[in-house]
Amino acid sequence: MKQYDYDLFVIGGGSGGVRAARVSAAHGARVALAEDHRVGGTCVIRGCVPKKLLVYGAHFAEDLADARRFGWNVPRCDFDWAVLRDNVLDEVARIEGVYQGILDNNKVETIKQRAVVTGPNEVELADGRRVTAGKILVAVGAWPFIPDFEGAGHGVTSNEVFHLENVPKRLVIAGGGYIANEFAGIFHHFGSEVTIVNRGDRILRHYDAQIRDRLLQISIMAGINFRFNAPFQRVEKQGDGSLLIHLGDGSPPVEADCLIYALGRVPKTPGLGLETAGVELSRGGAVIVNADNQSTCPSIYAIGDVTDRVQLTPVAIREGQAFADTIFGDKPHRVDYENIPSAVFSHPPIGGVGMTESEARNKLGSVKCYTSDFRPMKNVLANRNERALYKLVVNGETEQVVGLHMIGPDAPEILQAAAIAVKAGLNKSQFDDVVALHPTMAEELVLMR
Ligand code: NDP
């Protein structure tokens, strides 16, 4: 007689939950996974995947314009949002099917219902059924933060953007982080007049100052508007359906056809019943876990955005893998959070790994920085006055490269490979020992003197 219905009950079918479920099942555990929306979670359904496809779609605006300088006789081209939107949504549905297939092939029972915790080893499903499990894994992710002011309900979030009827003529984006800068670039290229409204005076606070200043400068030159130190006061819906957005910076209200909130994402723990099992949450509602993803209730674990450690898909996947290997695979290991590369798929994109210059100065004292500020060859011929910037942050004592930050075409693609060298702790001289691969943009990484 088995003590519990399942060895593992996973709540949430996003990237982290699916990885944990299928690896645990492959290790021999009896696993069920509850998902009340669509398998794939934020990344697949309403995040990284559809966003990146829109970034590709937006890039054609530049590519088509540049093509003329490369001799192509490009006729007038029109953009059809509905075609791109529907193709992207079809692709999302295809990947959702792949994720479901992975669960099925690994004999994970998928329960398409909401599940809430009712005790250390018990969950209740939406149909009233109660099931028990030796371990419960909370992988419910995070949800866009919606601010609270008069008329705030007139705004939407990144969840709805992928389903818009039309490209808004005038788009206001609240926030200055990842989502704001990515959608600003996307919709600017689709023809929207975009305004980013930020509470502070800087975008992408966690990125290197020189790199984010370069993005700001390029975005302003491209025609994206910025309103800094501008808190929201209220939003009015006008007779023609447009929005009048009143800000607290003393400037006239901004008119818009769409307002998107990109103000961070909060752990999706409300109503999940975690308190019934004594699971402690942070002030922001994140599940507090130890280095092995275990909550304050020993049988309940949590991974991914719901723990609000590093809100990135590949991190959630690693946490899911570590959980499954440790608990069911007899191969205990922990996620290494040092030197996690990240990217912003803005126009142009940003990539970064390791310490920013200011972090290194605070932590190490002695720091040397090397930069390459150049106009990529393609931009020169295209008459595009956009300069790329690569920056190496080096420990002044040991010469170890402790940070690499880039903005420019394909920066995230280049950074992923270079991050191996940073993670491996290589020195500046070891970068310099590598012969340049000419002509590329990436060769700048080994030519900084
Ligand atoms: P970010 O944390 O990147 O940015 C949030 C922005 O909103 C900041 O400018 C912040 O200002 C501002 N803000 C936060 N709270 C408030 C508030 N109460 N009132 C007014 N302004 C506020 O969040 P996003 O929503 O852009 O993205 C959410 C997360 O999703 C990211 O942190 C990232 O982990 C992940 N993501 C990753 C992507 C990628 O890897 N390419 C792409 C998209 C999302 P301030 O700087 O002053 O705090």
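Everything that follows concerns the structure shown earlier in this document.
Residues numbered from 1 in each chain as written. Predicted model: local features only at pLDDT ≥ 70, side-chain atom pairs only at ≥ 80, totals over all residues. Heavy atoms only, no water.

Asker: Can you walk me through the pattern of salt bridges in this structure?
Answerer: Charged atoms that come close allow side chains of opposite charge to pair. Here the structure, examined in full by the defined rule, presents 28 salt bridges. Between Arg 38 and Glu 96 there is a salt bridge, and its shortest N-O distance comes to 2.8 Å. Separated by 58 residues along the polypeptide, Arg 38 in the loop between strand S2 (31-34) and helix H2 (41-46) and Glu 96 in helix H4 (residues 81-105) bring together distant segments of the chain. A residue is classified by how much of its surface remains accessible, and Glu 96, at 16% relative accessible area, is buried. Across the salt bridge formed by Arg 227 and Asp 249, the nearest N and O atoms sit 3.6 Å from each other. Residue Arg 227 is located in strand S11 (residues 225-227), and its partner Asp 249 is located in the loop between strand S13 (243-247) and strand S14 (254-256); the two are separated by 22 residues in the primary sequence. Relative accessible area serves as the criterion here: at 30%, Asp 249 is assigned to the partly exposed category. Counted as one network, the salt bridges with shared partners bring together Glu 62, Asp 66, Arg 384 and Glu 386. (Salt bridge = Lys/Arg side-chain N within 4 Å of Asp/Glu carboxyl O. Helix = DSSP H or I, 4+ residues; strand = E, 2+ residues; numbered from the N terminus. Buried < 20%, exposed > 50% of the residue type's maximum accessible area, 1.4 Å probe, protein only.)

Asker: Just to check I follow, could you spell out the pairing of strand S21 (residues 388-395) for this structure?
Answerer: Looking down a regular strand, the side chains alternate between one sheet face and the other. Counting buried residues along S21, eight of its eight residues qualify, which places the element largely inside the surrounding structure. Both faces of S21 are covered, namely the face carrying Ala 388, Tyr 390, Leu 392 and Val 394 and the face carrying Leu 389, Lys 391, Val 393 and Asn 395. When strand S20 (residues 367-374) meets S21, the two strands line up antiparallel, connected through eight bridges. Within S21, the position partnered with Thr 371 by the bridge is Lys 391. Across six bridges, the pairing between S21 and strand S22 (residues 401-407) is antiparallel. Note that in S22 the partner of Leu 392 across the bridge is Leu 404. Counting the residues in the hairpin turn of S21 and S22 gives five residues, including Glu 399, whose phi is positive at 70°. (Pairing = 2+ DSSP bridges.)

Asker: Help me out: how do you make sense of helix H6 (residues 178-189) in this one?
Answerer: Given a rise of 1.5 Å per residue, twelve residues ought to cover 16 Å, and the 17 Å separating the end C-alpha atoms of H6 matches this to within 8%. Taken residue by residue, H6 has Ala 180, Asn 181, Glu 182, Phe 183, Ala 184, Gly 185, Ile 186, Phe 187 and His 189 as its buried positions. (Expected span 1.5 Å × (residues − 1).)

Asker: Can you walk me through the environment of Phe 345 in this structure?
Answerer: Looking at the secondary structure, you find Phe 345 in the loop between strand S18 (342-344) and strand S19 (350-354). Between the alpha carbons of Phe 345 and Leu 33 there is a distance of 31 Å; along the sequence they are 312 residues apart. In this structure, Phe 345 is in contact with Lys 51, Lys 52, Val 55, Glu 182 and Pro 412, ignoring residues within four places of it in sequence. (Contact = heavy atoms within 4.5 Å.)

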